[in-house]
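What follows is the residue order along each chain.
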Amino acid sequence: MSGRGRGGGVRLTARGAVVSVLAFTLLGCVLQALFESPALTGVAFVAGCAVAVALVNRRDLLTLVVSPPLVFFVATLLAEALRSLGAASPVQTLGLGLFTTLSAGAPWLFGGSLLVLVVAWRRGLAGCVRELREELRAGGPAVPRPRRSKAGAFAPEPEGYFEPKVYGTPREDA
C-alpha cells in the first residue's frame, strides 16, 4: 500500500501549515475590518490552527506546535501596519493598535495554541520529541574537555597551537 493511501488525503509540510494559519488569520483581520466584529480574527486564527494541525505531516508536528504565537504576532503586525498608514502619527497608531489587538486577541491565541498542542499530542507529538532527543544525543562530535595538569590546575595549550597555518608559498614580488 502506498504512503498516500495510508495517510488519507492531503498533507502539509510545516511551512505549508504555518502559511495556512497565517492566511486564515489575515483573512480574519480583513473580515474584522469589514464587519467590525472583534472576534473574527480570533475565530479565524483558531480555525486556521485546527486545519493546520489536522493536515500537517506527522514529522512536522513539532515545528507547528511552536509557531502559532509568532504567526499571530506577524498577522497582527501586518494588519496594524496597514491600518496605521493613513494616520496622523503612524508610529503611535501602530503601537497602540498592536497593544490593543494583541491584548484583545490573547484568549484566542492561548486557545489556538492549546488546540494545536492537544491535537498534535494525540497525533504523535511525544514521538517527535523523542526522535529529536535521540538525534541530538547521537549527532555531533563530543565536546573536548579542557586539558588539566597533573596537579589538577588548568594547563595551557602547547605553544603555536592557536597560531594560524599558512598554506602555499609566498609570492615573489619583483
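Residues numbered from 1 in each chain as written. Predicted model: local features only at pLDDT ≥ 70, side-chain atom pairs only at ≥ 80, totals over all residues. Heavy atoms only, no water.

How do you make sense of the overall build of the chain when you look at a structure like this?
For the chain, the count of helices and strands is seven helices and zero strands. For the chain, the succession of helices and strands along the chain, N to C, is α-α-α-α-α-α-α. Counting all 174 residues of the chain, 25% fall into the buried class. Summarising the internal contacts of the chain: among those between residues at least 6 apart in sequence, 69% fall at separations of at least 24. On the chain, roughly 12,500 Å² of surface is accessible, and the fraction owed to carbon and sulfur atoms is 65%. (Helix = DSSP H or I, 4+ residues; strand = E, 2+ residues; numbered from the N terminus. Buried < 20%, exposed > 50% of the residue type's maximum accessible area, 1.4 Å probe, protein only. Contact = heavy atoms within 4.5 Å. Areas by Shrake-Rupley, 256 points an atom, 1.4 Å probe, with all protein chains shown as cover.)

Quick question: what am I supposed to make of the confidence of the model for the chain here?
Note that predicted coordinates carrying low pLDDT should not be read in detail. When pLDDT is averaged across the chain, the result is 84; 75% of the residues are at 70 or more. Here helix 1 (residues 3-7) stands out as the least confident element of the chain, with mean pLDDT 49; helix 3 (residues 40-55) is the most confident, with 95. (pLDDT = per-residue confidence, 0-100.)

What should I look at first to understand the environment of Ala23 in this one?
For Ala23, the location among the structural elements is in helix 2 (residues 14-35). For Ala23, a relative accessible area of 43% translates into the label partly exposed. Placed 52 residues apart in sequence, Ala23 and Ala75 show a C-alpha to C-alpha distance of 8.5 Å.

Explain the side chain of Glu80 to me, please; I cannot follow it from the model alone.
Within the element layout of this structure, Glu80 appears in helix 5 (residues 68-83). When neighbours within four sequence positions are excluded, Glu80 is seen to be in contact with Leu94, Gly97, Leu98 and Thr101.

Explanation requested: helix 2 in the structure shown.
Because each turn of an α-helix spans 3.6 residues, side chains separated by three or four positions in sequence point in the same direction. Between its first and last C-alpha, helix 2 extends 31 Å over 22 residues, near the 32 Å set by a 1.5 Å rise per residue. Here helix 2 has its buried residues at Ala14, Ala17, Ser20, Val21, Thr25, Gly28 and Cys29. Considering only its buried residues, helix 2 is in contact with helix 3, helix 4 (61-66) and helix 5. (Expected span 1.5 Å × (residues − 1).)

Explanation requested: unusual backbone geometry in the structure shown.
Glycine aside, residues mostly have negative phi angles, and peptide bonds mostly take the trans form. Positioned with a positive phi, Glu36 is a non-glycine residue whose angle comes to about 55°. Residue position: Glu36 is located in the loop between helix 2 and helix 3. Taking relative accessible area as the criterion, Glu36 reaches 70% and is therefore assigned exposed.

Please explain the side chain of Thr76 as it appears in this structure.
Structurally, Thr76 can be placed in helix 5. On the accessibility criterion, Thr76 (1% relative accessible area) is buried. Apart from the residues within four sequence positions on either side, Thr76 is in contact with Leu98, Thr101 and Leu102.

Sorry if this is basic, but what is going on with the nonpolar core here?
Nonpolar side chains tend to gather and get buried jointly when the protein is soluble and globular. One finds Leu61 and Leu64 to be the most contacted residues of the largest nonpolar core, which totals 18 residues. For this core, the leading source of residues is helix 3, giving four residues. In this structure Leu64 touches Ala17, Val18, Ala52, Val53, Val56 and Val116, once residues within four positions along its chain are discounted. (Core = buried A, V, L, I, M, F, W, Y, C linked by side-chain atoms within 4.5 Å.)

Please clarify how a nonpolar patch on the surface should be interpreted in this entry.
Taken together, the side chains of Leu70, Phe73, Val74, Leu77 and Leu78 define a hydrophobic patch exposed on the protein surface, amounting to about 400 Å² of accessible area. Locating Leu70 in the fold gives a position in helix 5. For Leu70, a relative accessible area of 57% puts it in the exposed group. (Patch = residues over 30% accessible without salt bridge, like charges linked within 9 Å, V, L, I, M, F, W, Y side chains within 5 Å. Salt bridge = Lys/Arg side-chain N within 4 Å of Asp/Glu carboxyl O.)

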